[in-house]
Amino acid sequence: MQNELDLFVANQDHPATLRKLATRGDLRRFRKGSILIHEGDLGDTLFIMLKGRVKVYCMDEHAREITFGIFGPGEYVGEMALDGGPRSASVITLEPTVCAVVRRQEILAFIGECPEFSFEMLSKVIHRLRLATRDARNLAFIDVYGRLTRLLNELALPQPGDRRRIPERITHQEIASRVGCSREMVSRILKDLSLGGYLAVEEQHIVLFGKLPQRW
């Protein structure tokens, strides 16, 4: 695990303050499917992602799930509970993951030394709040097809030619959780887009061809 921390600290793409804070955390390795945070629990730790990916989500009493985001190296989760309140969402690992786990007391001491980190954290919280507000608006005003194609367009990265590829291997259920609909609806729309020549699945990755139609 020390190797993952060394690589993280050496990666100039990550903020310098976050790299410095990570060195003060306890290094922990988690298997795929591990629950890092339970919604409603009290907690005082921040999880800085060094390797792997996690999903932040909520689930109701009927086991219906909504996903708020997928995060990887250079991100952190758990900041919403640093005020001493309950956890606002659950977090689960999507693959083997290594984190630097930093306690609230250590974070406060670090902010005293590097006050700029408090502004960086505030900016991160505001950004995630903006995304949550946007997603709530989309659920209210945009239909399922519109939400699904917007997600695909956000995730896809340009490839040679008129192609775009989604780097993460995202399942129909994961898409459904992120756009707020049933898995069956996602499967139906993706099948129609595939038959129309707008997308394909290559080596478990979704590939988009050209511009997705605004309506279907």
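Residues numbered from 1 in each chain as written. Predicted model: local features only at pLDDT ≥ 70, side-chain atom pairs only at ≥ 80, totals over all residues. Heavy atoms only, no water.

A. Spatial organisation of the environment of G72. Within the element layout of this structure, G72 appears in the loop between β5 (65-71) and β6 (76-77). Along the primary structure G72 and G52 are separated by 20 residues, whereas in three dimensions their C-alpha atoms are 5.8 Å apart. Setting aside anything within four residues of it in sequence, one finds G72 in contact with M49, G52 and R53. (Helix = DSSP H or I, 4+ residues; strand = E, 2+ residues; numbered from the N terminus. Contact = heavy atoms within 4.5 Å.)

B. Broad picture of the layout of surface pockets. Quantified by volume, the largest pocket comes out at close to 1200 Å³. Around the largest pocket, the lining is made up of 41 residues, and of these F68, G69, F71, L131 and D135 lie nearest the centre. Going through the elements one at a time, β5, α4 (116-141), α5 (144-155) and α6 (172-179) are the ones with two or more residues in the lining of the largest pocket. With twelve residues, the top contributor of residues to the lining of the largest pocket is α4. Of the residues contributing to the lining of the largest pocket, the split by class is 20 nonpolar, eight polar and 13 charged. What lines the second largest pocket is I142, D143, G146, T149, R150, N153, L212, P213, Q214 and R215. Grouping the constituent residues of the lining of the second largest pocket by class yields three nonpolar, four polar and three charged. (1 Å grid on protein atoms, 1.4 Å probe; cavity = no way out; pocket = protein on both sides within 12 Å on 5 of 7 lines; lining within 4 Å. Points joined across faces, edges and corners; volume = space filled by probe spheres on them. Nonpolar A, V, L, I, M, F, W, Y, C, P; charged D, E, K, R; others polar.)

C. Geometry of the sheet that holds strand β4 (residues 54-59). Strand order in the open sheet formed by four strands is β2-β7-β4-β5, and the pairing between neighbours is antiparallel. The sheet is open, and its two borders are formed by β2 (35-37) and β5, each paired with just one other strand. Averaged over all adjacent pairs, the angle separating strand axes in this sheet is 30°, with direction ignored. Relative to strand β7 (residues 90-93), β2 runs antiparallel, the two being bridged by two bridges. Within the sheet, the bridge partner assigned to I37 lies in β7 and is V91. (Pairing = 2+ DSSP bridges. Axes fitted to C-alpha atoms, helices over the stretch in contact; angles between N-to-C directions.)

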